[in-house]
Amino acid sequence: MRLTKSGLGLKEVIEKAIRDHVITNSEYEEIMKVASDDGIADDHEQRLLSQLQGMLANGTLKKIPG
């Protein structure tokens, strides 16, 4: 799997949220923007977004205002 610049940027933002155990609405919006900036959701980006959604769904990450 080839890592893209946008995929690496997405990884950084998601890892910050994981370290904090929370994600703000603005961080979530930033993640969605980074994921769609190049118009292509590659395998790496899709996996990262899937992990993020899973963590939000199971309560590992909490989405908060901000």
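Model, not experiment: these values are computed from the prediction.

1. Digging into the side chain of E27
Part 1 of the argument: Positionally, E27 belongs in helix 2 (residues 25–36).
Part 2 of the argument: Residues in contact with E27, not counting those within four places in the same chain, are V13, K16, D20 and V22.

2. Remarks on the environment of G66
Part 1 of the argument: With respect to the secondary-structure elements, G66 resides in the segment after strand 2 (62–64).
Part 2 of the argument: Separated by 42 residues in the primary sequence, G66 and T24 have C-alpha atoms spaced 5.0 Å apart.
Part 3 of the argument: If near-sequence neighbours (up to four positions away) are discounted, G66 is found in contact with T24, N25 and S26.

3. With respect to the nonpolar core
Buried together is how nonpolar side chains tend to be arranged in soluble globular proteins.
Part 1 of the argument: With 14 residues, the main nonpolar core has L10, I14, I23, I31, L49, L52 and L61 as its most contacted residues.
Part 2 of the argument: Contributing elements (two or more residues each) for this core: helix 1 (5–20), helix 2 and helix 3 (43–58).
Part 3 of the argument: L61 has contacts with A17, I18, H21, V22, L52, M55 and L56, leaving out every residue within four places of it along the chain.

The rules behind the values
Residues numbered from 1 in each chain as written. Predicted model: local features only at pLDDT ≥ 70, side-chain atom pairs only at ≥ 80, totals over all residues. Heavy atoms only, no water. Helix = DSSP H or I, 4+ residues; strand = E, 2+ residues; numbered from the N terminus. Contact = heavy atoms within 4.5 Å. Core = buried A, V, L, I, M, F, W, Y, C linked by side-chain atoms within 4.5 Å. Buried < 20%, exposed > 50% of the residue type's maximum accessible area, 1.4 Å probe, protein only.

All quantities given are derived from atomic positions and should not be read as evidence of function.
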